[in-house]
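If you want the building blocks of each chain, they are given just below.
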Amino acid sequence: MKALLLYPQFPQSFWSYDRFMELAGLKATIPPLGIITVAALLPSHWDIRFRDRNVATETDEDWQWCDIVILSAMLVQKTDFQALIRKGVRLGKLVAVGGPYPTSVPDDALNAGAQFLVLDEGEMTIPPFVEAVEQGETQGVFRSLEKPDVTQTPQPRFDLLQRDAYLMMAMQFSRGCPFNCEFCDIISLYGRKPRTKDPEQALAELQTLYDLGWRGSLFIVDEASIG
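Residues numbered from 1 in each chain as written. Predicted model: local features only at pLDDT ≥ 70, side-chain atom pairs only at ≥ 80, totals over all residues. Heavy atoms only, no water.

*Asks:* Help me out: how do you make sense of the sheet that holds strand 6 (residues 140–142) in this one?
*Replies:* Within a sheet, adjacent strands bond to each other through the backbone by hydrogen bonds, running parallel or antiparallel. A sheet is described by the order of its strands in space; here six strands give the open sequence 2-1-3-4-5-6, paired in parallel fashion. Pairing within the sheet leaves two strands with one partner each, and these edge strands are strand 2 (47–52) and strand 6. Direction aside, neighbouring strands of the sheet carry axes that sit 20 degrees apart on average. Where strand 4 (residues 94–98) lies against strand 5 (residues 116–118), two bridges are found, and the strand directions are parallel. What sits directly across from A96, in strand 5, is F116. This element, helix 4 (residues 78–90), spans strand 1 (2–7), strand 3 (68–72) and strand 4 of the sheet and lies at about 155 degrees to strand 4. (Pairing = 2+ DSSP bridges. Helix = DSSP H or I, 4+ residues; strand = E, 2+ residues; numbered from the N terminus. Axes fitted to C-alpha atoms, helices over the stretch in contact; angles between N-to-C directions. Contact = heavy atoms within 4.5 Å.)

Structure (structure tokens):
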């Protein structure tokens, strides 16, 4: 199976730091940890290409090459996300989507034409999705109320990144938060029980980034940091 993993573009805003990025010769602030973790969860015998469209767009050859397009998105990426779904369907490709936006509003992805919704946390829903695809199924919705043990989560595929295009690298340490802040969707996505990676696991990810040559800043994704 040839899978093209795409991360949609963010619209310009205060938080996209466009002028600063241009002056610094950079393309984006931090890499999309979710979809490069998805890449690590996919079978090793699948061929994978990854494009962060905030860094560099995919080519026509990428579209011709792939059997399936896999997208992850947040709500702010809605416009490009839906356009990519429609393009994939128009080109006759299978389209699978996941991430915070389709998990929260699955009907938007379905209405745009996505055949597979791989929702909630990928450690639980990617295995049955892969099984369905390899059995020749052409549609499905995969959900799980169960939360995964993140100590078993594989390292993200940092090697897929064009690392020199980012302001900083990122590493996820925890998921879930015990609080109930009205402005935050963390508890609806990841639950109210914090789950953390082992120290050895976190150090191994840091070592991987170091071995890949990264010497810049690092953003720690810790959803209960206020606690």
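Now that the structure has been shown, we can carry on.
*Asks:* Sorry, what's going on with the pairing of strand 3 here?
*Replies:* Within a regular beta strand, the side chains point alternately toward one face of the sheet and then the other, so they alternate between its two faces. Of all five residues that make up strand 3, five are buried, and the element is covered over most of its length. Burial along strand 3 is two-sided: the residues I68, I70 and S72 and V69 and L71 are all buried. Relative to strand 3, strand 1 is paired through four bridges, and the arrangement is parallel. By the bridge assignment, L4 is partnered in strand 3 with V69. (Buried < 20%, exposed > 50% of the residue type's maximum accessible area, 1.4 Å probe, protein only.)

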